[in-house]
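Structural characterization, general
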Amino acid sequence: MPFPQYDAVHVISDIHLGGSPGFQIFNQQKALAWLISHLASQSKEQKTALVLNGDIVDFLAEPAPNHEKSCYFRPHHAVQDLKRIMGDPAFAEIFQALSDYTRSENRNLIIVLGNHDVELALPEVRAFLAHQLCGDSDAARGRLTFAMDGTGFACRVGEKNMLCLHGNETDAWNPVDYRTLARISAEKKRYAPLTPWTPNAGTKMVIDVMNGLKKKYRWVDLLKPETETIPALLMAMDDHAVTWSRLKSLFGVAADFVRDKHRGPDGFLGLEGEFSDEEASADRAFQHVMAISYPSLVSAPSVGASDMDSLLGEMDTHLAKGTSPASLALASDQPEFLGTWGAIWDKIRGRSPEENMREALQGWLKDDPTFNPKTEDKTSQSVLGLVGPEVDVVVAGHTHLHKAISTASGPAYFNSGSWIRLMQLTPDLLEKEPFKKVWAVLEKGDMDSLDNAVVNGRPLIRHIRSVVSIETEDGGAVSGALATVEEKDGTYGLCPVPDGRLSC
């Protein structure tokens with residue numbers, strides 16, 4: 001089939017528009033609105049595409065309706081949620097800029113589905129968004145494309161083949177069940193009862209664990225990698241953040257992670273085979289996380305399934321009685337009550353949260369190359385493994401970390417990063433004395449304190465406003481470039497990332 005042909009394709013992702021004021025992790029409205037307007041104003045002789053490569057809005061950040069305790073998927077009120085997000089003063093200028101862009105000649109807008117904006121695939125949500133962006137203009141509507149089936153967006157730039165994928169397609173924490181999503185979309189059109197939605201482990205982590213933590217620690221999902229660090233961070237929190245129900249949720253999330261890892265042909269990509277039969281248990285997944293997070297306290301003990309059932313049963317009993325984790329941690333019989341993990345819990349709770357947090361972060365972030373744009377990661381390796389030799393350039397998102405990687409024999413690989421706040425804790429900040437200053441800020445929990453915090457002469461929060469551009473050059477060659485939007489004296493401009501230009 002012939003794919004769309006463009007002179008230039010620009011890609012951004014992981015904007016995460018959503019959440020109540022004070023809980024929003026995106027705060028770069030002026031810069032993003034400038035970028036969109038800048039792309040719209042370029043030469044109209046060039047056929048240009050802007051790809052929003054997943055997680056543009058964040059339904060998981062929206063408060064659950066009053067009648068629902070938790071909400072993993074919002075088919076009944078997704079339009080209402082999207083309407084609220086689009087009208088939020090923190091985001092409204094972005095949607096106005098997108099509307100102006102789609103109504104500009106030779107400007108095409110492509111929206112790729114992510115794992116935080118799954119509801120965009122629903123027919124009435126797409127219709128609402130299309131109308132808000134395009135109005136009654138048939139020409140504008142013809143330049144708007146929704147890529148919602150999990151296969152990404154393929155196109156051509158010059159003589160080169162390009163593929164945009166969000167990146168969660170190969171992430172065992174965050175697969176989207178596209179088959180069930182398509183079934184629900186069909187049922188919505190028929191006004192038929194909806195098939196139940198089974199959330200993946202990453203969604204359950206956000207809703208069951210992280211959203212609760214964010215009530216006090218609003219920064220918790222600014223760290224990378226959040227899926228692996230959350231259990232360790234949870235154990236380090238104070239008694240108001242740590243509850244038996246939340247600890248139980250972690251075990252449930254681990255079980256869902258194993259389920260998604262082993263999802264077979266009925267699941268997207270079928271990521272079976274990464275765990276041996278012996279390792280395929282929720283407890284083994286949890287042990288792995290805790291062993292890395294607290295090496296001075298635990299060396300990944302073996303616990304059988306029956307012990308796990310007993311542990312969860314005991315948690316239920318004490319939760320029903322209203323027993324607090326702190327009081328139980330002080331009980332002399334706690335190791336016998338909780339078994340192996342009770343002893344670990346006792347050791348962790350016997351130390352200060354600051355000490356626990358510092359060790360946990362040191363364990364996960366040791367020799368961390370996360371912010372190096374030239375370093376391969378699991379997402380780049382797995383996404384590149386999906387494509388054939390005819391693909392010349394691949395652009396992913398999802399990880400929130402921008403990349404520009406040249407491969408020996410495969411396509412050029414880019415990651416479009418993110419526009420949310422990012423917190424980078426370098427090794428020097430995890431030393432004992434500097435971390436006291438870091439912890440004092442983290443303990444306050446609010447975004448304003450983080451935004452204004454400076455430790456060792458550096459801000460704690462980074463804004464890496466990334467965009468990937470694939471363009472034809474004079475003579476017909478095609479190249480890709482990674483850039484960031486920077487501000488100087490109140491004026492925005494594009495700044496190339498060093499070594500961020502690749503031949504395609």
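Note that the structure is a prediction, hence the values are computed from the model and not measured. Counting of residues starts from 1 at the beginning of each chain's written sequence and follows it residue by residue. Per-residue local features of the predicted model are confined to residues with pLDDT of at least 70, and side-chain atom pairs are confined, for both listing and counting, to 80 or more; whole-chain, interface and lining totals are unaffected and use all residues. Think of the side-chain values as coming from all heavy atoms in the structure, minus any hydrogens and water.

Digging into the overall build of the protein
The helix and strand inventory of the protein stands at 17 helices and 17 strands. The 504 residues of the protein split such that 56% are buried. Excluding contacts between residues fewer than 6 apart, the proportion of contacts in the protein whose partners are at least 24 apart in sequence is 71%. Each accessible area value is a Shrake-Rupley result obtained with a 1.4 Å probe; residue values ignore everything except the protein chains displayed when judging cover. When the accessible surface of the protein is totalled, it reaches about 21300 Å², and 50% of it is carbon and sulfur. Where helices and strands are cited, they refer to DSSP runs of H or I of at least four residues and of E of at least two residues respectively, numbered from the N terminus. Burial classification: accessible surface area is computed with a 1.4 Å probe over protein chains only, and a residue below 20% of its type maximum counts as buried, one above 50% as exposed, and the rest as partly exposed. By definition in these notes, contact holds between two residues if any of their heavy atoms fall within 4.5 Å.

Notes on the pattern of salt bridges
Salt bridges are identified by distance alone: a Lys or Arg side-chain nitrogen within 4 Å of an Asp or Glu carboxyl oxygen. One pass over the full model with this rule turns up ten salt bridges. Measuring nitrogen to oxygen at the nearest pair gives 2.9 Å for the salt bridge that ties lysine 30 to glutamate 93. In this pair, lysine 30 sits in helix H1 (residues 29–40) while glutamate 93 sits in helix H3 (residues 92–102), placing the two residues 63 residues apart along the sequence. You can call glutamate 93 partly exposed: its relative accessible area is 34%. Each of Glu62, Arg84 and Asp88 takes part in salt bridges that share partners, so that together they form one network.

Section: the sheet that holds strand E10 (residues 412–415)
Strands sit in the order E1-E6-E7-E8-E10-E9 across an open sheet of six strands; the sheet is mixed. Looking at which strands have only one partner, the edges of the open sheet turn out to be strand E1 (5–6) and strand E9 (403–405). One requirement defines pairing of two strands: DSSP has to find at least two bridges between them. Bridging between strand E8 (residues 393–396) and E10 involves four bridges; their strand directions are parallel. Considered in E10, the bridge of valine 393 is made with alanine 412.

Brief notes about the packing of aromatic side chains
Note on aromatic contacts: the rings of Phe and Tyr and the six-membered ring of Trp form a pair at centre separations within 6.5 Å, being stacked when their planes are under 30 degrees apart, edge-to-face when over 60 apart, and tilted otherwise. The final tally for this structure, using the stated rule, is four aromatic pairs. Taken together, a centroid distance of 4.5 Å and an interplanar angle of 25° make the contact between phenylalanine 73 and tryptophan 197 stacked. Separated by 124 residues along the polypeptide, phenylalanine 73 in the loop between strand E3 (48–53) and helix H2 (78–87) and tryptophan 197 in the loop between helix H6 (178–190) and helix H7 (201–213) bring together distant segments of the chain. You'll find phenylalanine 73 and tryptophan 197 in the same group, each marked buried.

Examining the nonpolar core
Most often, soluble globular proteins keep nonpolar side chains buried together rather than apart. Ranked by internal contacts, the top residues of the largest apolar core, which has 54 residues, are Ile111, Leu120 and Leu181. When residues of this core are assigned to their parent elements, the largest contribution, seven residues, is made by H1. Apart from the residues within four sequence positions on either side, leucine 120 is in contact with Val57, Phe59, Leu82, Ile111, Leu113, Val125, Arg126, Leu129 and Met148. Counting residues in hydrophobic clusters, the runner-up holds 36 residues, among them Ala201, Ile207, Leu401 and Val438. We call a set of buried Ala, Val, Leu, Ile, Met, Phe, Trp, Tyr and Cys residues a nonpolar core when their side-chain atoms join them within 4.5 Å.

Observations concerning the sheet that holds strand E16 (residues 478–488)
Spatially, E5-E4-E3-E2-E15-E16-E17 is the arrangement adopted by the seven strands of the open sheet, whose pairing is mixed. Every interior strand has two partners, whereas the edge strands, strand E5 (144–147) and strand E17 (491–503), have only one. Averaged over neighbouring strand pairs, the angle between their axes works out to 25° when direction is ignored. To define axes, lines are fitted to C-alpha atoms, for helices over the stretch in contact only, and angles between the resulting N-to-C directions are given on a 0 to 180 degree scale. Contacting E3 and strand E4 (107–112), H3 runs over the sheet at an angle of about 130° to E4. Of the strands in this sheet, E4 and E5 are in contact with helix H4 (residues 123–134), which crosses E5 at around 155°.

Thoughts on the side chain of arginine 465
Along the chain, arginine 465 turns up in the loop between strand E14 (461–462) and strand E15 (466–472). Here Asp and Glu are counted as negative and Lys and Arg as positive; His is not counted, and neither are the chain ends. We note that arginine 465 is buried and unpaired, the nearest opposite charge coming from glutamate 486 at a distance of 4.0 Å. A polar contact of 2.4 Å, which involves the side chain of arginine 465, links it to the side chain of glutamine 28. Here a polar contact means two N or O atoms within 3.5 Å. Within protein one must be a hydrogen donor candidate and the other an acceptor candidate, and residues neighboring in sequence count only if both atoms are side-chain atoms. Within the structure, the side chain of arginine 465 is placed 2.8 Å from the backbone oxygen of valine 485, a separation counted as a polar contact. Not counting residues up to four positions away in its chain, the partners in contact with arginine 465 are Gln28, Ala31, Ser418, Trp419, Ala483, Thr484, Val485, Glu486, Glu487 and Tyr492.

Looking at the confidence of the model for the protein
pLDDT measures the predictor's confidence residue by residue and takes values from 0 up to 100. Looking at the protein as a whole, its pLDDT mean stands at 80, while 72% of the residues score no less than 70. Confidence drops under pLDDT 50 across residues 299–309; counting only partners more than four residues distant or on other chains, this segment forms 14 contacts. Contacts of residues 324–343 to residues separated by more than four positions or lying in other chains number 35 contacts, the stretch itself having pLDDT below 50.

Focus: H2
Turning to H2, its buried residues number three or more, namely Ala78, Asp81, Leu82, Ile85 and Met86. For H2, the angular spread of the buried residues around the axis is 130°, confining them to a single face. For H2, exposure combined with an orientation more than 90 degrees from the buried face picks out Gln80, Lys83 and Gly87. Residues of H2 that are buried in the fold lie against H3 and H4. Picture the helix axis, draw a direction to every C-beta atom, and the arc is the one those directions span.

Some thoughts on the environment of valine 157
Within the secondary structure, valine 157 sits in strand E6 (residues 153–157). Residue classification places valine 157 among the buried residues on the basis of a relative accessible area of 1%. Distance in space between the C-alpha atoms of valine 157 and aspartate 392 is 9.9 Å, their sequence separation being 235 residues. When residues no more than four places from it in sequence are discounted, the contact partners of valine 157 are Gln5, Tyr6, Asp7, Val9, Met162, Ile470, Glu471, Thr472 and Val478.

Section: the pairing of E6
Residues Phe153, Cys155 and Val157 of E6 are buried on one face, while the alternating residues Ala154 and Arg156, pointing to the opposite face, are not. Pairing of E1 with E6 involves two bridges; the strand directions are parallel. Looking at the pairing, tyrosine 6 lines up with valine 157 of E6. By the bridge criterion, five bridges tie E6 to strand E7 (residues 160–164) in an arrangement that is antiparallel.

Description of unusual backbone geometry
At histidine 400, a position not held by glycine, the phi torsion is positive, near 70°. For histidine 400, the position within the fold is in the loop between E8 and E9. Positive phi is not limited to glycine here, since aspartate 489 has a value of about 55°. Inspection of the secondary structure puts aspartate 489 in the loop between E16 and E17.

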